[in-house]
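If you want the building blocks of each chain, they are given just below.
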Amino acid sequence: MFTTPRFLQGIVPFEGKGLDAPFPLGPAFSYVVPAGVTAQPLYFRGGNSTDELICLILQRDGAPMRFFPIGARGSVHVPLRVVEDLAPATRLELHLAAPAGLLGTLVADVGIVEL
């Protein structure tokens, strides 16, 4: 079987808008499953430079799919492989929720494989 890896990754400075006000991290953290293939999220890795808890939210077609809390100056690695298949045209986006006014840097990496 031929597979193609895809990655949503980057290092992003941010200012929190509130834990109840998640916002998208931008085009580098957005992915649409191409026509004719299915995709599977494989893993999530993230790091938080601040002294506060933040939460990353992987959204599927505008609805929360997975929540990844990252503690103060902490990091997390979550294997996701074979959790579920994503159909063609499914949109994934990574959003960030952080306390209002919190300034920091996020390091994030989401691995996806197209089948």
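Residues numbered from 1 in each chain as written. Predicted model: local features only at pLDDT ≥ 70, side-chain atom pairs only at ≥ 80, totals over all residues. Heavy atoms only, no water.

Let's talk about the pairing of strand β6 (residues 63–70)
Then comes step 1: Taken together, the 7 bridges between strand β5 (residues 54–60) and β6 define a ladder with antiparallel strand orientation. When the bridges of β6 are listed, Cys 55 appears paired with Pro 69.
Then comes step 2: Linking β5 to β6, which pair antiparallel, is a turn of 2 residues; within it Asp 61 sits at a positive phi near 50 degrees. (Pairing = 2+ DSSP bridges. Helix = DSSP H or I, 4+ residues; strand = E, 2+ residues; numbered from the N terminus.)

Here's the deal with the nonpolar core
Then comes step 1: Residues Phe 14, Leu 25, Phe 44, Ile 54, Leu 56, Leu 94 and Leu 106 are the most contacted members of the largest nonpolar core, which totals 27 residues.
Then comes step 2: Contributions of two or more residues to this core are made by β1 (4–15), β4 (39–48), β5, β6, β8 (91–98) and β9 (103–114).
Then comes step 3: For Leu 25, the contacting residues outside a window of four places in its chain are Val 12, Leu 56, Leu 94, Leu 96 and Leu 106. (Core = buried A, V, L, I, M, F, W, Y, C linked by side-chain atoms within 4.5 Å. Buried < 20%, exposed > 50% of the residue type's maximum accessible area, 1.4 Å probe, protein only. Contact = heavy atoms within 4.5 Å.)

Brief notes about the side chain of Asp 109
Then comes step 1: Take Asp 109: it is sitting in strand β9.
Then comes step 2: In this structure Asp 109 touches Phe 7, Leu 8, Gln 9, Tyr 43, Phe 44 and Arg 45, once residues within four positions along its chain are discounted.

Remarks on the packing of aromatic side chains
Then comes step 1: The full count for this structure, using the stated rule, is 1 aromatic pair.
Then comes step 2: Ring centres of Phe 44 and Phe 68 lie 4.1 Å apart, and the angle between their planes is 10 degrees; this geometry places the pair in the stacked category. Of this pair, Phe 44 sits in strand β4 while Phe 68 sits in strand β6, and the two are 24 residues apart along the sequence.
Then comes step 3: Overall, the relative accessible area of 5% leaves Phe 68 in the buried class.
Then comes step 4: Looking at Lys 17, its charged tip hangs above the ring of Phe 23, at a distance of 4.7 Å from the centre. (Phe/Tyr/Trp six-rings, centres within 6.5 Å; stacked < 30°, edge-to-face > 60°. Lys NZ or Arg CZ within 6 Å of the ring centre and 35° of its normal.)

Focus: unusual backbone geometry
Then comes step 1: Residue Asp 61 is not a glycine yet carries a positive backbone phi of 50 degrees.
Then comes step 2: One can find Asp 61 in the loop between β5 and β6.
Then comes step 3: Positive phi outside glycine occurs at Arg 73, with the angle close to 50 degrees.
Then comes step 4: With respect to the helices and strands, the residue Arg 73 is situated in the loop between β6 and β7 (75–79).
Then comes step 5: Accessibility expressed as a relative area gives 59% for Arg 73, which makes it exposed.

A closer look at the environment of Gly 47
Then comes step 1: Within the fold, Gly 47 resides in strand β4.
Then comes step 2: For Gly 47, a relative accessible area of 15% gives the class buried.

Quick notes on the side chain of Thr 4
Then comes step 1: With respect to the helices and strands, the residue Thr 4 is situated in strand β1.
Then comes step 2: Apart from residues lying up to four places away in sequence, Thr 4 is in contact with Ile 112, Val 113 and Glu 114.

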